[in-house]
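Listed below, chain by chain, are the residues.
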Amino acid sequence: MHLSLADIARLVGGELIGDGNVEISGCSGILEAKKGDLTFLANPKYSPQAETTQASAIIIPRQMTLPGKFFIRVDNTSLAFTQVLNRFIERLPNHHPKGIHPTAIIAPDVKIGKGVAVGAYTVIESGSSIGEYSVIYGHCYIGHGARVGSNSLIYPQVVVREGVLIGQRAIVHSGTVIGCDGYGYVTVEGRHVKIPQLGTVVIEDDVEIGANVTIDRARFDKTVIGEGTKIDNLVHIAHNVTVGKHCLIVAQVGISGSSRIGNYVILAGQVGVVGHLSIGDGAVVAAQSGVSKSIKAGEQVFGSPAQPIKEAFRTNAHVQRLSHYAATIKDLKKRIEELEKKGQ
Amino acid sequence: MHLSLADIARLVGGELIGDGNVEISGCSGILEAKKGDLTFLANPKYSPQAETTQASAIIIPRQMTLPGKFFIRVDNTSLAFTQVLNRFIERLPNHHPKGIHPTAIIAPDVKIGKGVAVGAYTVIESGSSIGEYSVIYGHCYIGHGARVGSNSLIYPQVVVREGVLIGQRAIVHSGTVIGCDGYGYVTVEGRHVKIPQLGTVVIEDDVEIGANVTIDRARFDKTVIGEGTKIDNLVHIAHNVTVGKHCLIVAQVGISGSSRIGNYVILAGQVGVVGHLSIGDGAVVAAQSGVSKSIKAGEQVFGSPAQPIKEAFRTNAHVQRLSHYAATIKDLKKRIEELEKKGQ
Amino acid sequence: MHLSLADIARLVGGELIGDGNVEISGCSGILEAKKGDLTFLANPKYSPQAETTQASAIIIPRQMTLPGKFFIRVDNTSLAFTQVLNRFIERLPNHHPKGIHPTAIIAPDVKIGKGVAVGAYTVIESGSSIGEYSVIYGHCYIGHGARVGSNSLIYPQVVVREGVLIGQRAIVHSGTVIGCDGYGYVTVEGRHVKIPQLGTVVIEDDVEIGANVTIDRARFDKTVIGEGTKIDNLVHIAHNVTVGKHCLIVAQVGISGSSRIGNYVILAGQVGVVGHLSIGDGAVVAAQSGVSKSIKAGEQVFGSPAQPIKEAFRTNAHVQRLSHYAATIKDLKKRIEELEKKGQ
């Protein structure tokens with residue numbers, strides 16, 4: 001689908017400078033944008049990026065200008081950009097199920113909100129509820145007493161185990177399992193005896209969870225994924241973990257039991273976090289790092305074991321120079337031997 | 001659910017010293033235990049841990065005492081603790097399916113034991129058998145000639161491929177695939193031609209397998225998971241691997257083809273093991289390590305490539321000191337140059 | 001199943017030197033082959049391997065001989081070996097579904113080719129097509145407008161999202177999700193706003209995909225898996241990635257968005273590839289490596305961050321010698337101090 005620049009200007013109540021017939025096919029960040037994209041300037045201090053972006057048009061503040069570019073001036077660039085994004089999403093041809101499929105097995109006491117859709121062969125157990133306008137695709141399993149908030153979207157073949165709570169506007173992709181048992185045993189005379197996992201999982205509002213993710217229920221109490229956090233595919237989140245709000249957890253990350261992740265934390269791909277530690281707000285962990293100690297707010301770390309990113313880079317640079325150091329040591333040794341000979 | 005200390009003392013035939021009205025809500029190891037938990041002292045040599053545990057009560061040997069704590073004296077602490085754990089599990093309100101759901105498709109010749117439950121839309125193919133009191137949730141696929149032993153529990157959306165054997169008291173979590181083809185090809189004139197994977201998988205008794213795990217069938221013969229081994233989420237076990245008894249295989253571990261893991265081995269999170277090697281009994285591999293050589297019994301290793309953990313820590317300490325070494329080398333070089341000048 | 005050497009010689013039109021009654025139970029590469037296997041010599045320059053292989057028999061070129069071994073002489077060894085492999089596969093007792101199961105829900109306009117089988121409870125949405133002789137097991141979801149080519153095999157509980165294209169002779173294992181949304185957000189005033197993922201996934205001919213794999217749809221355009229590429233279990237392939245032809249992508253690999261992988265690339269287990277880079281034809285990335293820069297054709301790399309494998313090994317050898325270097329530095333320092341004292 002496409003929107004013309006003229007349409008977009010009208011939608012956001014903005015002033016268009018440029019060709020209103022130009023067709024926009026998508027939205028993107030200012031650095032990643034390509035031809036056909038609309039982007040926006042969140043903050044005038046990034047205006048150099050506005051000059052070099054490859055986007056076909058930019059939403060900028062009222063007082064600004066961008067010679068040589070097509071742009072739309074508005075009062076609030078963020079608000080305007082979100083309006084356009086949402087219009088794109090509304091207009092997308094979606095193939096979501098409509099209504100309740102006759103093969104869906106829904107216990108008689110399940111509370112189904114207005115406008116809910118449930119796909120073929122989905123099973124929804126007793127005591128659970130699905131909030132209004134939520135869509136549950138086919139082949140899903142929603143366990144006893146689970147709750148899915150309104151306007152959420154659950155793709156085929158998702159398992160939501162008993163008692164799990166999912167907020168509003170959540171998106172859960174296929175193959176994901178929420179609320180499986182935490183990994184806990186007591187070893188009694190050489191046998192690992194299972195510790196009952198009696199808690200649950202709480203997924204707050206506006207969370208998106210990728211495909212084939214696993215989120216374990218807590219031993220008691222709850223595992224929590226905070227509001228607005230986005231989880232990529234094949235991520236593992238162990239029991240009793242708390243993930244804060246608006247985090248980005250990239251593919252194949254693993255977080256061990258009882259660790260506490262702050263708000264706005266970024267865990268890049270394949271990161272591992274050991275149990276019972278905390279990662280402060282806004283911390284960034286680079287890809288494949290292994291976090292073995294708590295990390296302060298705002299810190300950036302890298303490596304396995306992870307260390308502050310500047311130290312990690314410096315250490316790595318030294319490691320790369322080891323051939324040179326070894327040669328220097330050998331040379332110095334020879335020169336010392338000669339000095340020692342002379343001195344005798 | 002809760003049990004009072006008085007009830008617990010009665011259950012295990014023990015002598016309670018403390019308030020019988022105190023409510024216990026769970027069981028845990030002596031180090032991890034929190035308020036509300038019962039724990040136990042496996043061995044009198046750990047009695048300092050019994051003095052500092054946060055558990056609300058401790059099961060201890062008959063001859064011991066623990067001033068200032070609530071405790072229950074018994075002849076066999078391990079046995080008594082297991083009795084309490086099992087009582088908790090029995091009393092848990094479970095929501096397992098009961099009976100055979102009318103939508104389950106079970107081939108006429110399948111042997112279904114007494115008390116078996118099969119959930120909605122599960123498919124069980126010809127020639128297979130489900131042992132007594134086992135529970136197969138909905139949306140599962142049990143292939144031709146597969147066998148699930150008695151008292152096992154299989155959560156929704158598990159795939160057990162043809163011919164796979166699962167023992168008694170197994171637990172398999174959602175999204176797990178057992179018996180998919182091993183990854184084997186012969187390259188013929190630039191094309192990878194599939195090698196048929198004709199073997200199977202054997203899961204012995206008392207194994208628990210987490211969510212979204214993959215266990216490949218052997219090329220011939222069998223891939224084996226030994227008795228009592230516990231596997232966490234998103235683990236990959238390749239064809240012809242043999243995992244011994246009572247191992248702990250933590251989340252996101254990958255074990256390549258034909259490797260042999262001994263008994264009581266611990267593979268921590270995100271560990272990778274290359275193919276065709278062996279890991280001895282009781283070995284421990286620290287998180288994110290890459291095992292590229294066989295490991296002897298009892299050895300502890302870390303790193304990628306993995307090395308004995310003490311060496312790995314020493315090596316890592318040296319790596320962290322590289323800035324210092326580099327500065328020292330520079331300083332020594334200067335001093336040698338001066339000595340050389342003087343000597344001329 | 002077994003084939004006698006006499007049968008095999010007849011099948012490939014070859015000349016057998018050895019006992020025609022010997023039973024062959026499988027096929028394997030010349031290095032991996034064991035007793036009971038047939039193997040082949042692709043190139044006369046590998047004849048030393050033919051002398052030491054443990055295979056029970058070898059297919060070799062017409063002009064060769066192998067004293068002390070059973071062998072079959074043919075004009076084209078690769079062609080002959082493939083014929084035998086295919087005969088084994090044809091003869092395998094398979095338990096694939098036959099015909100369309102009455103519980104499969106197939107939209108009226110779906111194009112179903114001749115000889116297609118669809119298992120119980122599979123859902124195939126409107127506008128899609130399944131090519132002739134393809135087998136879709138039960139519990140699968142084939143989305144709107146998706147296309148599966150002829151002679152493909154899809155195991156239980158696979159999700160093929162709307163619009164995804166799968167070629168001929170593809171094999172997809174259970175739990176795999178193809179066409180889930182790419183991981184893309186724009187951060188607007190502290191909230192991560194979803195970027196619509198409007199593209200699709202194209203799986204070319206002769207691709208095999210393991211269990212619990214995730215392949216994201218492109219933002220626009222398409223994510224591509226090239227002809228003949230083989231993907232192991234639990235692999236993650238992000239949006240807009242292009243994987244070339246005849247690659248081997250081993251278990252738990254993760255490839256980030258928009259990266260381009262050439263032909264005949266090998267990514268060993270647990271490798272991570274960052275986004276927006278390219279890996280040249282025939283490159284090999286060793287296990288657990290983290291690829292953070294583009295790699296040239298034919299290059300072999302190792303480490304996190306990855307570097308050319310020889311450098312990585314040399315660097316690693318230096319790292320292992322750090323204790324020694326540190327001791328040498330200490331010794332040199334002492335000797336310099338003594339020289340300095342003397343010189344005063």
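Structure shown above.
These notes cover the structure that comes with them. Throughout, residues of each chain are indexed from 1 in the direction in which the sequence is written. Following the order in which they are written, the chains are lettered starting with A and the ligands numbered starting with 1. Totals for whole chains, interfaces and linings use all residues, but because this is a predicted model, local features are given only for residues with pLDDT of at least 70 and pairs of side-chain atoms are given and counted only at 80 or more.

Description of the overall build of chain A
Across its full length, chain A holds 5 helices and 39 strands. Relative to the globule expectation of 20 Å for 344 residues, the C-alpha radius of gyration of chain A, 27 Å, shows a markedly less compact shape. Judged by the C-alpha coordinates and their principal axes, chain A covers about 100 × 75 × 25 Å. For chain A, buried positions account for 53% of its 344 residues. Residues are defined as contacting one another if the C-beta atoms placed from their backbone atoms lie within 7 Å. Taking the intrachain contacts of chain A between residues at least 6 apart in sequence as the baseline, contacts between residues at least 24 apart amount to 20%. Under the DSSP-based scheme used, a helix requires at least four consecutive residues in state H or I and a strand at least two consecutive residues in state E, with every element numbered from the N terminus. It is over C-alpha atoms that the radius of gyration is taken, and the globule rule equals 2.2 Å times the number of residues to the power 0.38. Whether a residue is buried, exposed or partly exposed is read from the other C-beta atoms within 10 Å of its own C-beta, which are placed from the backbone; 20 or more gives buried, 12 or fewer gives exposed, and intermediate counts give partly exposed.

Some remarks on unusual backbone geometry
One can expect most non-glycine residues to show negative phi and most peptide bonds to be in trans. Cis peptide bonds are those with omega within 30 degrees of zero, and the linkage from serine 304 of chain B to proline 305 of chain B qualifies with 0°. By the element assignment, proline 305 of chain B lies in the loop between β38 (300-302) and β39 (307-308). We note that asparagine 240 of chain A has phi near 70°; this positive angle belongs to a residue other than glycine. The residue asparagine 240 of chain A is located in the loop between β28 (236-237) and β29 (242-243) in this model.

Description of the environment of alanine 107 of chain C
Residue and element names in this part refer to chain C. Turning to its location among the elements, alanine 107 is positioned in the loop between β8 (105-106) and β9 (111-112). Take alanine 107: there are 13 C-beta atoms within 10 Å of it, and that puts it in the partly exposed class. On a C-alpha basis, the gap between alanine 107 and glutamate 132 in space is 17 Å, while along the polypeptide they are 25 residues apart. Beyond its immediate chain neighbours, meaning those up to four positions away, alanine 107 contacts Ile124, Glu125 and Ser126.

Observations regarding the sheet that holds strand β24 (residues 208-209) of chain C
Residues and elements named next belong to chain C. Strands pair, by our definition, only if DSSP identifies at least two bridges between them. The strand order across the open sheet built from 11 strands is β10-β13-β16-β19-β24-β27-β30-β33-β36-β38-β39, with neighbouring strands paired in mixed fashion. Pairing within the sheet leaves two strands with one partner each, and these edge strands are β10 (117-118) and β39 (307-308). When strand β27 (residues 230-231) meets strand β30 (residues 248-249), the two strands line up parallel, connected through 2 bridges. By the bridge assignment, lysine 230 is partnered in β30 with leucine 248.

Focus: the relation of the copies chain A and chain C
C-alpha atoms of residues with pLDDT of at least 70 in both copies form the basis for the least-squares superposition of the copies. Between the two copies, chain A and chain C, the superposition gives an RMSD of 0.1 Å; the rotation angle is 120° and the shift along the axis is 0.0 Å. Taken together, the rotation angle and the small translation identify this as a three-fold axis.

Here we look at the sheet that holds strand β11 (residues 123-124) of chain B
The 10 strands are arranged β8-β11-β14-β17-β20-β25-β28-β31-β34-β37 (chain B) in an open sheet whose pairing can be described as parallel. Single-partner strands in this sheet number two, and they are β8 (105-106) and β37 (290-291) of chain B.

Concerning the interface of chain A and chain C
The partner chain C presents 53 residues to the 51 residues of chain A that form the contact. When residues of the side of chain A that touches chain C are traced back to their parent elements, those giving at least two are β4 (26-27), α3 (77-91), α4 (309-320) and α5 (322-343) of chain A. Residue contributions to the side of chain A that touches chain C peak at 10 residues, all from α5 of chain A. Charged means Asp, Glu, Lys or Arg here, nonpolar means Ala, Val, Leu, Ile, Met, Phe, Trp, Tyr, Cys or Pro, and polar covers whatever is left, Gly included. Grouping the constituent residues of the side of chain A that touches chain C by class yields 21 nonpolar, 25 polar and 5 charged.

Details of the interface of chain C and chain B
Facing the 51 residues of chain C at the interface are 52 residues of chain B. Elements with a contribution of two residues or more to the side of chain C that touches chain B: β4 (26-27), α3 (77-91), α4 (309-320) and α5 (322-343) of chain C. Residue composition of the side of chain C that touches chain B, by class: 21 nonpolar, 25 polar and 5 charged.

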